[in-house]
Every structure is written in C-alpha cells, then in structure tokens.
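# Descriptive analysis of the structure
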Amino acid sequence: MSLVHTIHFSPATSSRRRFPAHSIASLRRRVFPVRASLPFPTQKAKYHRELEAAVGIVERACRICVDVNCFPHLLSFFNFTLLFGSWENFDTGNGDGIGQVQSSLLSSDGGIVEKKDNTPVTIADFGVQALISLELGKLFPSIPLVAEEDSGFVRANNLVDSVVSVVNDKRSSSEPLSDDVVLEAIDRGGSAAYLYGKSPATYWILDPIDGTKGFLKGCGALYVVGLALVVEGEIVLGVMGCPNWQNSGDSLGSVMIAHTGHGTWNKTLQVSNDWSRCLVDGCSVVPEARFCIPESQSWDSLPLSRSFTAKNDADSLGDNEIHLLTTCCGSLCKYLMVASGRASMYIQAQRDTAIKAWDHAVGMLCVHEAGGRVTDWEGGELDLAADQVERRIIYPPGGILVTNGKIHDQILEMISFSSSTV
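All chains use their own residue numbering, which begins from 1 and follows the written sequence. The predicted origin of the model limits local features to residues at a pLDDT of at least 70 and limits the giving and counting of side-chain atom pairs to 80 or more, whereas totals for whole chains, interfaces and linings rest on all residues. With hydrogens and water set aside, each side-chain value is computed from the structure's full complement of heavy atoms.

Here we come to helix α4 (residues 123-139). Helix and strand definitions follow DSSP, with helices as H or I runs of at least four residues and strands as E runs of at least two, each counted in order from the N terminus. For a helix, the expected span equals 1.5 Å multiplied by the residue count minus one. With 17 residues, α4 should cover 24 Å at 1.5 Å per step; its first-to-last C-alpha distance of 24 Å lies within 8% of that length. Buried, partly exposed and exposed residues are distinguished by accessible area as a fraction of the type maximum, computed with a 1.4 Å probe on protein chains only: under 20%, between the cut-offs, and over 50%, respectively. Most of α4 sits out of view: 14 of its 17 residues are buried. Of the residues flanking the start of α4, the one acting as N-cap is Thr122, its side-chain oxygen 3.1 Å from the backbone nitrogen of Ala124. We call two N or O atoms a polar contact when they sit within 3.5 Å, provided that within protein one can donate a hydrogen and the other can accept it, with sequence-adjacent residues counted only if both atoms are side-chain atoms.

Structure, rendered in structure tokens:
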C-alpha cells in the first residue's frame, strides 16, 4: 500500500500576500511528487496507514522550511535585533558574529521573533504546525495533537497574513483557507486544546521545527520536523524530516521513520523508496565513542568531564580525551545522529526548564528501534504520561542519556560515581 501526494505550489488569493510576483511564478511551476511507501511489509505493521500518511505530511512540511529559508521576505516581520540586539551578538559557533546565517537575511529588514522562553521562532514554525495539524485532522480527526506553538503569538505579532500564505501554498488541496481556519489548526496542538486525564491516551506529538537556530543559520546546520504517534501511552511510530542532512554521496535531506517492532529506516527527502535500515554504531568502549551534547551546555558542566576532556578533532585525541561532535541545532538532530550510527551517544544535563515531549518523543522511538537506549541519568524510563492533564512534559525532569545501548550502563556508572563524589 502506498500513499501518493502531489504537491502543487499555488498562490493564495489574499491581497495582503507579502512576497513578489516572480516568486509566485517560480513556485507555481514547481511540483513535487511524494510517495510514502514503507520499507517493510505492512501486514503486521499495525499503524502503517498512519505512518504512510505521516511521511507524506512531514515531507510536505519540510518544503515550507526550505522555501521560507529561500525567500527572506517571508521572514521579515521584526528587526533581527529583537532577538540578538545586533548582528555581532549572533554567534553561530564560528566566532564570526554573523557567521553562517542565511545570506538572504542580510538584505531583509528583519527575520526572527523571540518567544517568552528566549527561543527564536519564525513563520515556518507556525506554518508547519498549521499544515500538519490540518492534514492530520482531515485524515485522523479523532486523534488529538500535542504541539509546541499556539496562535496567540501569531496574532499578537501581526504574523497572520504571512503564516496563512505559507500554509495555503503547501496544502494538498488548492482551495485557500481563511485566517481563522489556519489559526484554529495551530491551536489544535495548543495546551488548552485537549485534557487527557489519568488513563493511557492516544495522540500525536509534533515539533514543527526542532532547532530553529539551525534553520536560521542555513549552510548545513541541522534542524528537524518531528512527528510521533502515541497509542495508549506507547510511542508506536515516528517521522523526522531533516532538510539539511548530508546523505552518502551528494544528495541533501533525509526522512527517518520508525514503527514499533519494525525498525528504523531512512531515505532521501522527496525521493521515493530508497529506504535503508538504520542501526546504532557498534562502539562498546566509552573512550572510543562519538559524543553529542546540547549547544546550550558545555562539556565541563557534565559529569563525564571529570573523566575525559572533549575535543572536536578526532585525529588528535590523546589519553583521556573523547571525540565531541559539533552538531547543531536542537535535540532531535542528536537522536537522529545516534539512530543513524553517526554518533554513539547524546547526553543532556538537567535544565531549569521542563523537558518538553516534542523535543524527545520521536527521537526516543527512532533510537530504540535502531538498537539504542534512552533513559534518565539513573537508568529509569522517561514517562510521557506523568503530565496527566496536557501530555506536554516528560518526567523525570533530570538529565537524559541516549546511547547505542552498548555503552549505556558504563555511562550510567560514571554518572553515578561522579555524583557520589561531588
């Protein structure tokens, strides 16, 4: 069974559209067939229908990210200084101020707005959430959605026209949607949309763009559109779309999927049926492992720093030195690295803020089905259902350890020893 979508980039009818006519013409000529056939027999894959649909929807959502990145006027709702104060304050990790920010942003009058938690957000975040909400609601109307954004921010910052235009360009239907319909679709994933209670629940979890800072940098920085389905409290399927993922060879962009009991797989974005099986790496010795950590945390802040020094150059490692990969941005791209075998582990220290379900759910399943393991720092399972009202927070709220499974217990012992000697 396959699910085929043809994506037509048609202009919205709103007279308030904010991008020039030549862009509309070029978009109108571009048609992308998306075939979401699965790489394993579907007879025993209970949720194959939902997974096939999710692959096609996430691929279409990735087109929003790519096209918004290509057209700077779609990002121009506020001065860039609202987020960073000045261009010089935007540090990409290369020490060059402006660094690898999309060059197209330099000629715009702005680009990003900032949420209350000090994280950047673009119209692509809201557009992706609206599009995925609309498509899932049409195909699976009885399944609620837990997602990161809500429309209050869009309304308050005069972003409605831009978001609606982006969504209308990428929908499977050519009939344009009204502002209210798009805003309601965003709010379908908001905190007030659905109350779950104590019983095991079934719902989608969406991170429209995990790693928005990577999305803004362009030039190869990673970001992920992540979607997972939870059925009766268990994560049963997941899809991660990563437009900047470097595949073997020259192709760019990847889709990773997982279905409980059927493994983890990936293929080139927007390419049909070139699936390959994903397995974690075979490293069984901690000093030989390849490590990932959050951009917001330093190696010295982690308990393993008491045993090892971290270096980015794998060719110059000495005794008690480990290879730290520079992978930006967001948490889901680190899960993708571990599940694909490009990294051995991802470790995240305890944070002051709550651990959000959308930052981890799809990655947890992909790593597990690839042969890896995900726990807290004490070896306990992460609990998606402990937030009984909204299902937005993961418990316990401590550190998270993601590994290939082979070095997991060794790392847990090192963490425990380090904590006991503090």
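A few words on the sheet that holds strand β19 (residues 400-403). The rule for pairing is simple: two strands pair if DSSP sees at least two bridges between them. Taken in spatial order, the 6 strands make up an open sheet running β13-β14-β12-β15-β19-β17, and their pairing is mixed. Two strands close off the open sheet at either side, each with one partner strand: β13 (309-311) and β17 (373-376). Shown here is a sheet whose adjacent strand axes are inclined to one another by a mean of 30°, direction ignored. Pairing of β13 with strand β14 (residues 321-324), which is carried by 3 bridges, proceeds in the parallel orientation. Considered in β14, the bridge of Lys311 is made with His323. Axis definition: a line fit to C-alpha positions, over the contact stretch in the case of helices; interaxial angles, taken between N-to-C directions, run 0 to 180 degrees.

Here a pair means two rings of Phe, Tyr or Trp (six-membered ring of Trp) with centres within 6.5 Å. Their orientation is stacked below 30 degrees between planes, edge-to-face above 60, and tilted elsewhere. All chains considered together, the criterion is met by 6 aromatic pairs. On the numbers, 5.8 Å between centres and 45° between planes, the contact of Phe140 with Trp204 is tilted. Of this pair, Phe140 sits in the loop between α4 and β5 (145-147) while Trp204 sits in strand β6 (residues 203-210), and the two are 64 residues apart along the sequence. Linked through ring pairs, Tyr194, Tyr196 and Tyr203 together constitute an aromatic cluster. As a reminder, the over-ring test applies to NZ of lysine and CZ of arginine, requiring each to be within 6 Å of the ring centre and within 35 degrees of the ring normal. Seen from the ring of Trp275, Lys267 lies directly overhead, with NZ or CZ sitting 5.7 Å from the centre.

Moving on to the confidence of the model for the chain. The quantity known as pLDDT measures the predictor's confidence residue by residue, on a range of 0 to 100. Taken residue by residue, the chain gives an average pLDDT of 79. The fraction at 70 or more is 77%. Residues count as neighbours in contact if any of their non-hydrogen atoms are within 4.5 Å of one another. Predicted confidence is poor over residues 72-111, with pLDDT under 50, and the contacts of this stretch with residues over four places away or in other chains come to 82 contacts.

Feature annotation in UniProt assigns "binding site: Mg(2+)" (unreviewed entry) to the following positions: Glu148, Asp207, Ile209, Asp210 and Asp359. Spanning 212 residues, the named residues form one tight spatial group whose C-alpha atoms are at most 9.7 Å apart. One can find Glu148 in the loop between β5 and α5 (151-156). Position of Asp359 relative to the elements: it lies in the loop between β16 (355-356) and α10 (361-369). According to the relative accessible area criterion, Asp359 is buried, its value standing at 17%. UniProt positions are given in the numbering used here, feature names are shortened, and annotations may be inferred rather than shown by experiment.

Attention shifts here to the pattern of salt bridges. Here, a salt bridge means any side-chain nitrogen of Lys or Arg that lies within 4 Å of a carboxyl oxygen of Asp or Glu. The full count for this structure, using the stated rule, is 7 salt bridges. Note that Glu295 is salt-bridged to Lys334, the shortest N-O span being 2.2 Å. Of this pair, Glu295 sits in the loop between β12 (290-292) and β13 while Lys334 is found in helix α9 (residues 332-340), placing the two residues 39 residues apart along the sequence. Taking the relative accessible area as the measure of exposure, Glu295 reaches 41% and is therefore partly exposed.

The next thing to look at is the environment of Ile322. Its place among the elements puts Ile322 in strand β14. Between the C-alpha atoms of Ile322 and Thr309, which are 13 residues apart in sequence, the distance is 6.3 Å. Beyond its immediate chain neighbours, meaning those up to four positions away, Ile322 contacts Val286, Pro287, Phe291, Trp299, Phe308, Thr309, Ala310, Lys311 and Leu317.

Spatial strand order, β5-β6-β7-β8-β9-β10-β11: 7 strands in an open sheet with mixed pairing. Lying at the two open borders of the sheet, with one neighbouring strand each, are β5 and β11 (276-278). Taking the axes of each pair of neighbouring strands and ignoring which way they run, one obtains an average angle of 20° across the sheet. The pairing of β6 with strand β7 (residues 224-231) spans 6 bridges and is antiparallel. Looking at β7, one finds that Tyr203 is bridged to Val230. Contacts from α4 reach β5, β6 and β7, with the element oriented near 155° to β6.

Each cavity reported here is a set of points on a 1 Å grid over the protein atoms alone in which a 1.4 Å probe fits but cannot get out, each pocket an open set with protein on both sides within 12 Å along at least five of seven lines, and each lining residue one with an atom within 4 Å of a point. Grid points are joined across faces, edges and corners, and a volume is the space filled by probe spheres set on the points. Applying the stated rule across the entire model yields 2 cavities of 30 Å³ or more. Taken as a whole, the second largest cavity holds about 40 Å³ of empty space. Polar here means any residue outside two lists: the nonpolar Ala, Val, Leu, Ile, Met, Phe, Trp, Tyr, Cys and Pro, and the charged Asp, Glu, Lys and Arg; Gly therefore counts as polar. Classifying every residue of the lining of the second largest cavity gives 5 nonpolar, 2 polar and 2 charged.

Of all 13 residues in strand β8 (residues 234-246), 11 are buried, a share of seventy percent or more. Across 7 bridges, the pairing between β7 and β8 is antiparallel. Of the residues in β8, the one forming a bridge with Val225 is Gly241. Where β8 lies against strand β9 (residues 252-259), 7 bridges are found, and the strand directions are antiparallel. Residue pairing across strands places Leu237 opposite His259, the latter belonging to β9. Two successive antiparallel strands, β8 and β9, enclose a turn made up of 5 residues, where Gly249 displays a positive phi of approximately 95°.

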